[in-house]
Amino acid sequence: MPSYQLEERDSTWLAQAPLVVSNEVSVSASAAQVFAVLADIGNWQAWCTGVSEAAVVGPLTTGVGARRKVKAGGVRFEERFVTWEDGVRVTFSGLTTSAPGFRSLVEDWSVAPDPTDPSKSVVTQTMGVALTGALRPLAGVLRWYLQRATRRGALGMAKHFT
C-alpha cells in the first residue's frame, strides 16, 4: 500500500488550517474517566466510530512523542502526539497516510467538566486539514465528509459510556 508523507504540525496550526471541522458532545462520565479512554491511544477502535484499527508504534504509549498507526474510514495513518495535557487534552499530527492529496492533518481532543452537571463532561474534537493537488477543489465535499465522520467518532465516546 502506498504511503504519502504529511507535514507534521503542532496544535497551534489548527487556528490557521485551511479546512477545519469541530464537534462538541456531552458524555455521561467524568472528565477523568473520558480522558482515561482518550489516553489509551492503542485502543481507539473500541469507541471511536470509524476507527477500525489502532496500534502504538515504538516505546512511548502516552505523552508527547507517542506514535500510533490507525485505520479510519479505510485510510491508514501514522500519527504522533504533539500535545498531551493529562486530564485535559491530546493532539496528534499525521506523519503519513495511505491516501494522496493531504499535506497536513492535525486532530485535537479535549475534555472538560460539564458546567451544568459535574458528573458529566464535554468533549470537543477539532480536526484541521491542508490539501494538495487534485483534492484542493474538492475541499467543500471533503469538509462535509469529515464533519460527518468526525461527528460519528465524537459521538462514539458518548455511546461508550451509556
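This is a predicted model, so every value here is computed, not measured.

Next up on the list: the pattern of salt bridges. Scanning the model with the defined rule gives 7 salt bridges in all. Glu53 serves as the salt-bridge partner of Arg76, at 2.9 Å between the closest nitrogen and oxygen. Remark: Glu53 occurs in strand S3 (residues 51–57) and Arg76 occurs in strand S5 (residues 75–85); sequence separation between them is 23 residues. Of the residues examined, Arg76 reaches a relative accessible area of 32% and is grouped as partly exposed. On the basis of relative accessibility, which here comes to 35%, the residue Glu53 falls in the partly exposed class. Here Glu78 and Arg67 are joined by a salt bridge, their closest N and O atoms 2.5 Å apart. Pair noted here: Glu78 is in strand S5 and Arg67 is in strand S4 (residues 67–72), with a separation of 11 residues, a long-range link. Judged by its relative accessible area of 30%, Arg67 falls in the partly exposed class. Taken together, the shared-partner salt bridges connect Glu7, Arg9 and Arg103 into one network.

All right, on to the nonpolar core then. Counting 39 residues, the largest nonpolar core has Trp44 and Trp109 as its most contacted members. Taken together, the elements giving at least two residues each to this core come down to strand S2 (19–27), helix H1 (31–39), S3, S5, strand S6 (89–97), strand S7 (102–114), strand S8 (117–131) and helix H2 (139–160). Per-element tally for this core: the top contributor is H1, with 6 residues. Formed by 5 residues, the second largest nonpolar core is a distinct cluster that contains Leu14, Ala17, Val106 and Ala130.

Here we take up the packing of aromatic side chains. Enumeration according to the criterion identifies 7 aromatic pairs in this entry. Summarising the aromatic geometry, the rings of Phe81 and Trp84 are spaced 5.5 Å apart at their centres and angled 70° between planes, so their arrangement reads as edge-to-face. The burial state of Phe81 is the same as that of Trp84; both residues are buried. Three or more aromatic residues joined by ring pairs make a cluster, and in this case those are Phe35, Trp44, Trp47, Phe81, Trp84, Phe92 and Trp109. The ring centre of Trp44 lies 4.1 Å from the NZ or CZ of Arg68, which sits over that ring. Seen from the ring of Phe92, Arg68 lies directly overhead, with NZ or CZ sitting 4.7 Å from the centre.

Calculation rules
- Residues numbered from 1 in each chain as written.
- Predicted model: local features only at pLDDT ≥ 70, side-chain atom pairs only at ≥ 80, totals over all residues.
- Heavy atoms only, no water.
- Salt bridge = Lys/Arg side-chain N within 4 Å of Asp/Glu carboxyl O.
- Helix = DSSP H or I, 4+ residues; strand = E, 2+ residues; numbered from the N terminus.
- Buried < 20%, exposed > 50% of the residue type's maximum accessible area, 1.4 Å probe, protein only.
- Core = buried A, V, L, I, M, F, W, Y, C linked by side-chain atoms within 4.5 Å.
- Phe/Tyr/Trp six-rings, centres within 6.5 Å; stacked < 30°, edge-to-face > 60°.
- Lys NZ or Arg CZ within 6 Å of the ring centre and 35° of its normal.

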